[in-house]
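The residues making up each chain are set out below.
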Amino acid sequence: MNARSSSRNAVTPVLSIVIAVLDERDNLPFVCQELAEALEHLPETEVVFVDDGSRDNTVAVLQKMRAEVLPGLRVLSHDHCCGKSAALRTGITAARGEWIATIDGDGQDDPRELIDLLRLARSANGTPPLVVGVRRKRKDGWSRRFATRFANGLRRRLLRDDCPDTGAPIKLFQREAFLKLPQFEGLHRFLPALLASYGVPLLCHPVKHRPRLHGQSKYTNFNRALVGIRDLLGVIWLRNRTRLPRSVREC
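How each quantity is defined
- Residues numbered from 1 in each chain as written.
- Predicted model: local features only at pLDDT ≥ 70, side-chain atom pairs only at ≥ 80, totals over all residues.
- Heavy atoms only, no water.
- Helix = DSSP H or I, 4+ residues; strand = E, 2+ residues; numbered from the N terminus.
- Buried < 20%, exposed > 50% of the residue type's maximum accessible area, 1.4 Å probe, protein only.
- Contact = heavy atoms within 4.5 Å.
- Areas by Shrake-Rupley, 256 points an atom, 1.4 Å probe, with all protein chains shown as cover.
- Phe/Tyr/Trp six-rings, centres within 6.5 Å; stacked < 30°, edge-to-face > 60°.

## Considerations on the overall build of the protein
Next, step 1: The secondary structure content of the protein amounts to eight helices and seven strands.
Next, step 2: Of all 251 residues assigned to the protein, the portion counted as buried reaches 48%.
Next, step 3: Across the protein, every contact between residues at least 6 apart in sequence was considered, and the portion connecting residues at least 24 apart equals 83%.
Next, step 4: Accessible surface for the protein amounts to roughly 12800 Å². Of this, 52% is attributable to carbon and sulfur atoms.

In structure tokens, the structure reads:
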């Protein structure tokens, strides 16, 4: 890790990159190498991996990457699989940066995209925004692309969140804003709608998308659809029940 990145005992980082992983040992060397290259162009940054109960040697590979590629890399590990949203909350809760960036650990996301996302976020006026990296050309199979297009269209119609790709892994937002949200599995797919309820504006920025390097997605189109419909109904309920003051003053 270069001089502009942060270890636990160094200067407080500006940015924390949080990555939830499950059985991704074969993809991690490539992902960590790209992270090391991206850090050269970012301000003080920490990288936090959260292993969500992997059954392979994901943790051992991350420890090896810390020794060889990313000094200061933080590795947190769940004792069993809790789901991606829970893993992200574990990492974001432990993170020390003002800004949080999320990417996937399968190699489909290019961490160098975070350079532009952070620049956009820090230059925005008013309330710090949520910046979503919208995938321009999905490199998944046609069935996955169709399912994602359908799900995004349904969410946009019902939630009116103005985000064309709510499930995009690359997102950047303020840690404090995220920790205000209620925790539930699937939360990460609804950040534009949920953060909007707290007055957080949305910025969308096109990013590249690549084929998965190794292994298979942890979700099928069928189980993603079933869970997604249930979560969508839950988010509609949450938004309808959210009551926030326009301002607060001490008298």
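## Some words on the packing of aromatic side chains
Next, step 1: Enumeration according to the criterion identifies one aromatic pair in this entry.
Next, step 2: Judged by centre distance (5.5 Å) and plane angle (20°), the ring pair of F173 and F178 falls under stacked. No difference in accessibility class separates F173 from F178, as the two residues are buried.

## A few points about unusual backbone geometry
Next, step 1: Backbone geometry at D23 places phi at a positive 55°, although glycine is not the residue there.
Next, step 2: Counting through the fold element by element, D23 comes out in the loop between β1 (15-21) and α1 (28-39).
Next, step 3: In this structure, D162 takes a positive phi of about 60° despite not being glycine.
Next, step 4: Residue placement: D162 occurs in the loop between α5 (142-159) and β6 (171-174).

## Examining helix α3 (residues 84-94)
Next, step 1: The element α3 is extensively covered by neighbouring structure, given that eight of its 11 residues are classed as buried.
Next, step 2: At its buried positions, α3 is contacted by β1, β2 (45-51), β3 (74-77), β4 (99-102), β6 and α6 (175-178).

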